[in-house]
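Residue-level structure breakdown
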Amino acid sequence: MYFKYLVSGGLIVIISVITAIYSLLVGIEVVLGVSLATLVLGIVVLTTGLTYGEPLVELFKTFSRDLSRLVSKVLEDSGLLSSSKFRVCLNDLKLVISAKPVNCLSTSLGFGLVDDVPYLAMPLDVVKDFEVVGNDLRDYLREILIGRFKVCRDVNVLVDDGNYLVELRSVGDDVMWLVKSPINYVRFLVLGLSAKFLSSDLELVNEDLIGSNYLIRFKVVT
Amino acid sequence: MIERDVILLTILVVTAVSMLAYVGELRPDAYLAITILIYFIYTSVNYGFRFRVNLKFIDASLIITFALIVGYRVYEVIK
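Only a predicted model underlies this, so the values are computations on that prediction, with no experimental measurement involved.

1. As for the environment of Leu67 of chain A
- Assignment of secondary structure puts Leu67 of chain A in helix α3 (residues 55-77).
- Once the C-alpha coordinates of Leu67 of chain A and Ile183 of chain A are considered, the two residues, 116 residues apart in sequence, prove to be 9.2 Å apart.

Dropping the structure here:
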């Protein structure tokens, strides 16, 4: 759905239909011909608005769903799905999921064990693309989450006793399935970006989904 | 990308319709037939447009319209 073309196409169709009816009543054949040509154009623009979709988006959605299922299965089998700690390690830009807090430096990408504690470390390469600009975390997250990825409509950040609360307001329907999946990529993104901005490792404290608002609370690991 | 496709199609249709009006073409079906032809030629040449937009319904509708126009003109000649 492409709203801009939906409105444009609708307007073109309405105007051309009115002009066609007028030319039929008055009997100006040239205007009728131009109206019919415009009507065809309007229908094409309207259809563009209704059915437009980037060809690879659906493929990537399927791919990420399948990948999400695979990673969920790995987490489930290793007992990490129910009670797990999420920690962003800034040294390698990775997110480590483990049953107990583990030392970032002892982990490497992929599945492994540190002091008999299983962990899964996933890359956060996407964060590398976004240079830290300004000195406000809220503005930084807004720029990327709203401006670039269109994840939600508004972002709010509250700092309370060393804990950060990031609130994503009105998360889009297309993004909601990602938030609800066990491998919540929005969580990765928020934690990764925040870690980069704060230049420190982070640990997820809790998260909550209230209606279409997604709340993530995390703390800086020293 | 899609913006460019729509603008190009619009330019082509507007140019063709302007030329028809300029030469004094009065038959409304001629305008419609030329627009339909431009649509099919453009979407065949620029196939990326078809990848992004589902045009099946329009294709069917416009082919039927074009066939009716041609059929009517043939009937007029035969009659």
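2. Observations regarding helix α6 (residues 185-198) of chain A
Residue and element names in this part refer to chain A.
- When the terminal C-alpha atoms of α6 are compared, their 20 Å separation across 14 residues agrees well with the 20 Å that a helix rising 1.5 Å per residue should span.
- Burial analysis of α6 places 11 of its 14 residues in the buried class, the great majority of the element.
- Of all the positions in α6, only Val186, Phe188, Leu189, Val190, Leu191, Gly192, Leu193, Ser194, Ala195, Lys196 and Phe197 are classed as buried.

3. Thoughts on the sheet that holds strand β6 (residues 163-169) of chain A
Residues and elements named next belong to chain A.
- If you walk across this open sheet you meet the 8 strands as β3-β4-β2-β1-β7-β8-β6-β5, and the pairing is antiparallel. The sheet is open, and its two edges are formed by β3 (110-114) and β5 (154-160), each paired on a single side. For this sheet the average axis-to-axis angle between neighbouring strands, irrespective of direction, equals 25 degrees.
- Strand direction decides the pairing type here: strand β7 (residues 201-210) and strand β8 (residues 213-221), joined by 9 bridges, are antiparallel. Within β8, the position partnered with Glu203 by the bridge is Lys219.

4. A short note on the interface of chain A and chain B
- If you look at the interface, chain A gives 20 residues, while chain B gives 24 residues.
- In terms of residues, the side of chain A that touches chain B owes the most to one element, helix α2 (residues 29-51) of chain A, which gives 15 residues.
- Classifying every residue of the side of chain A that touches chain B gives 13 nonpolar, 5 polar and 2 charged.

5. Notes on the nonpolar core
Residue and element names in this part refer to chain A.
- Counting 36 residues, the largest nonpolar core has Leu141, Leu168, Val190, Leu191 and Leu193 as the members making the most contacts within it.
- Of all the elements in the fold, those that place two or more residues in this core are β1 (85-89), β2 (94-98), β4 (117-123), α4 (137-148), β6, α6 and β8.
- Considering each element in turn, this core owes the most residues, 8 residues, to α6.
- With near-sequence residues (within four places) excluded, Leu141 lies in contact with Val155, Val157, Val166, Val190 and Leu193.

6. A short note on the pairing of β2 of chain A
Residues and elements named next belong to chain A.
- Counting buried positions along β2 yields 5 of 5 residues, so the element is predominantly enclosed.
- Of the two faces of β2, both are covered, the one formed by Lys94, Val96 and Ser98 as well as the one formed by Leu95 and Ile97.
- The pairing of β1 with β2 spans 5 bridges and is antiparallel. Pairing of Lys85 across the sheet is with Ser98, part of β2.
- Bridge analysis of β2 against β4 gives 5 bridges, and the strand direction is antiparallel. Within β4, the residue paired with Val96 across the bridge is Ala121.

7. So, helix α4 (residues 56-78) of chain B
- Between its terminal C-alpha atoms α4 of chain B stretches 33 Å, which fits the 33 Å expected from 23 residues at 1.5 Å a residue.
- With 2 of 23 residues buried, α4 of chain B is to be regarded as a mostly surface element.

8. Quick look at the pairing of β5 of chain A
Residues and elements named next belong to chain A.
- In this structure, β5 lies alongside β6, joined through 7 bridges in antiparallel fashion. The residue bridging Val155 from the neighbouring strand is Leu168, located in β6.
- Where β5 folds back on β6, the antiparallel hairpin that results is connected by 2 residues, among which Asp161 adopts a positive phi of roughly 55 degrees.

9. Structural notes on the confidence of the model for chain B
All names here are of chain B.
- This prediction gives chain B a mean pLDDT of 92; 100% of its residues lie at or above 70.
- The spread of mean pLDDT over the elements of chain B runs between helix α3 (residues 47-52), the lowest at 85, and helix α2 (residues 28-45), the highest at 94.
- Across the assembled chains, the prediction reports ipTM 0.93 with pTM 0.65.

Thresholds, definitions, all that
Residues numbered from 1 in each chain as written. Chains lettered and ligands numbered in written order. Predicted model: local features only at pLDDT ≥ 70, side-chain atom pairs only at ≥ 80, totals over all residues. Helix = DSSP H or I, 4+ residues; strand = E, 2+ residues; numbered from the N terminus. Expected span 1.5 Å × (residues − 1). Buried ≥ 20, exposed ≤ 12 C-beta atoms within 10 Å, placed from the backbone. Pairing = 2+ DSSP bridges. Axes fitted to C-alpha atoms, helices over the stretch in contact; angles between N-to-C directions. Contact = placed C-beta atoms within 7 Å. Nonpolar A, V, L, I, M, F, W, Y, C, P; charged D, E, K, R; others polar. Core = buried A, V, L, I, M, F, W, Y, C linked by C-beta atoms within 7 Å. pLDDT = per-residue confidence, 0-100.

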